Amino acid sequence: MSVFQVELKKVVDDSYEIEIGYQLENRLIEDLKNGLVGKIKKFAVITDSTVKELYADHIVTLLQEAGYQAKEFVFAAGETSKTRKTKEEVEDAMLEAGFRRDCCIIAVGGGVVTDLSGFLAGTYGRGVPFINYATTLLAAADASVGGKTAVDTPLATNLIGLFNQPEKVYLDIAAWKTLPQRQLSSGMAETIKHACMADKEMFEFLEKHMEDIFAGDREACEYIAKKNCQIKYAVVMKDEKEQGLREILNLGHTVGRAIETVSDYRLLHGEALSVGMVAMTELAHRLGYMTEEEKTAVKNLLEKAKLPVEIPEYIDREALVKKLYTDKKVRDGKLRFVVEKGIGGIVEFEEGVFATPVEEAVAREIIMNMK
């Protein structure tokens, strides 16, 4: 018998820029000409049916005018497309179109597009570079920062995927003006979550400037875009692979993701998260980490953002309780929750532990008593 040791120690630099601005399409082309992805000349632009005409078509045209090969790959807009089947269909289309390892993927759209595209980029040809061009507030707040990519399955949300960092992220605030009010509000949920868990000053800013943000005020929008990036970066930098601290980004998501799925995606992600945040504040209040006034302040801010704060009547609450067990924080069959501490903080239950086991009976009682 013999043993051969394979030494594969690596030092990897996954650093990348996040550029925040307005109408950044030409900036993207300039960066490619200046070597953002080396000598690659072939680009797969992945987008959805809503963003195609708004932004992706124009980006494809600019790429082609700059002398690059570019082809668009479009799937139906919505969370229900974030599946292995959609990923497979896009991959097959790319293979049929002749894309190989010498290509780069550009994801143009919101969180569903960036999640699915980043996962696809990590497996296509055993890994090709990708760029995120985020066109929604939700993607700016959450999906485009941190490198978590995944698809959903009927049994679980975001459990099939990988950590894959982009070459660069563009947050185009100008695109927010094309969003319906409902989509803007949905994106605001992740922004409010960031304020709740890490920045009381940001929370107070949102209380005062919500209407300015919805009106497209440049200063207010740039403020929240930059704050979202700073907060998420501070977490991801310390825990890229979600070994502990990064779990705090799941604040409100244990119930929120479950509601999103049980609603059969009638609720947008941010809408479901909003209801999940209300459930979380009730738990935090019961555990003694939030006052009644703080709990009310969170609920009021969610309502100011035109987000739902009650469980819809059509939701089967027992099914919702069962669905909690598909959450990725579950350990040894036990539900675990990230808990807010006051406004702008998270409870660290012991060193490096940011989620606590909660008995099903407690979770059920909270859910059943919510309006």
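Just above, that's the structure.
A brief report on the enclosed structure follows. Predicted model, so just to flag it, every value in this text is computed and none were measured.

**Things to note about the sheet that holds strand S1 (residues 17–21)**
Then, number 1: Here we have six strands laid out as an open sheet, ordered S1-S8-S5-S4-S2-S3, and parallel in their pairing. The two strands at the open ends of the sheet, each matched to only one other strand, are S1 and strand S3 (69–75). Geometrically, the sheet is characterised by an average inter-axis angle of 15 degrees between neighbouring strands, direction not taken into account.
Then, number 2: Where strand S4 (residues 103–109) lies against strand S5 (residues 130–134), five bridges are found, and the strand directions are parallel. If you follow Val 108 over to S5, its bridge partner there is Tyr 133.
Then, number 3: The strands that helix H3 (residues 84–96) touches are strand S2 (42–48), S3 and S4; relative to S3, the one it contacts most, it runs at about 155 degrees.

**Observations regarding the pairing of S5**
Then, number 1: With respect to burial, S5 is a largely interior element, five of its five residues being buried.
Then, number 2: In S5, alternate side chains face the same way, and those of Phe 130, Asn 132 and Ala 134 on one face and Ile 131 and Tyr 133 on the other are all buried.
Then, number 3: A crossover links S4 with its parallel partner S5, the connecting element being helix H4 (residues 111–123), and its sense is right-handed.

**Concerning the state of the cysteines**
What we call a disulfide is simply a covalent bond connecting the sulfur atoms of a pair of cysteines.
Then, number 1: Within this structure, the stated rule accounts for zero disulfides.
Then, number 2: Just so you know, Cys 229 is unpaired, no disulfide at all, and the nearest cysteine sulfur is the one on Cys 221, 13 Å from it.

**With respect to the side chain of Asn 158**
Then, number 1: Relative to the assigned elements, Asn 158 resides in strand S7 (residues 156–163).
Then, number 2: Asn 158 gets classed as buried once you look at its relative accessible area, which sits at 18%.
Then, number 3: Within the local environment of Asn 158, its side chain forms a polar contact with the side chain of Lys 82, the two groups lying 2.7 Å apart.

**Points about the side chain of Asp 327**
Then, number 1: Along the chain, the position of Asp 327 falls in the loop between helix H12 (317–323) and strand S9 (336–337).
Then, number 2: Residue classification places Asp 327 among the buried positions, given a relative accessible area of 13%.
Then, number 3: Those residues in contact with Asp 327, other than ones at most four positions away along the chain, are His 253, Thr 254 and Arg 336.

Cut-offs applied
Residues numbered from 1 in each chain as written. Predicted model: local features only at pLDDT ≥ 70, side-chain atom pairs only at ≥ 80, totals over all residues. Heavy atoms only, no water. Pairing = 2+ DSSP bridges. Helix = DSSP H or I, 4+ residues; strand = E, 2+ residues; numbered from the N terminus. Axes fitted to C-alpha atoms, helices over the stretch in contact; angles between N-to-C directions. Contact = heavy atoms within 4.5 Å. Buried < 20%, exposed > 50% of the residue type's maximum accessible area, 1.4 Å probe, protein only. Right-handed = clockwise from strand over helix to strand, strands pointing away. Disulfide = S-S within 2.5 Å. Polar contact = N/O pair within 3.5 Å; in protein donor to acceptor, adjacent residues only side chain to side chain.

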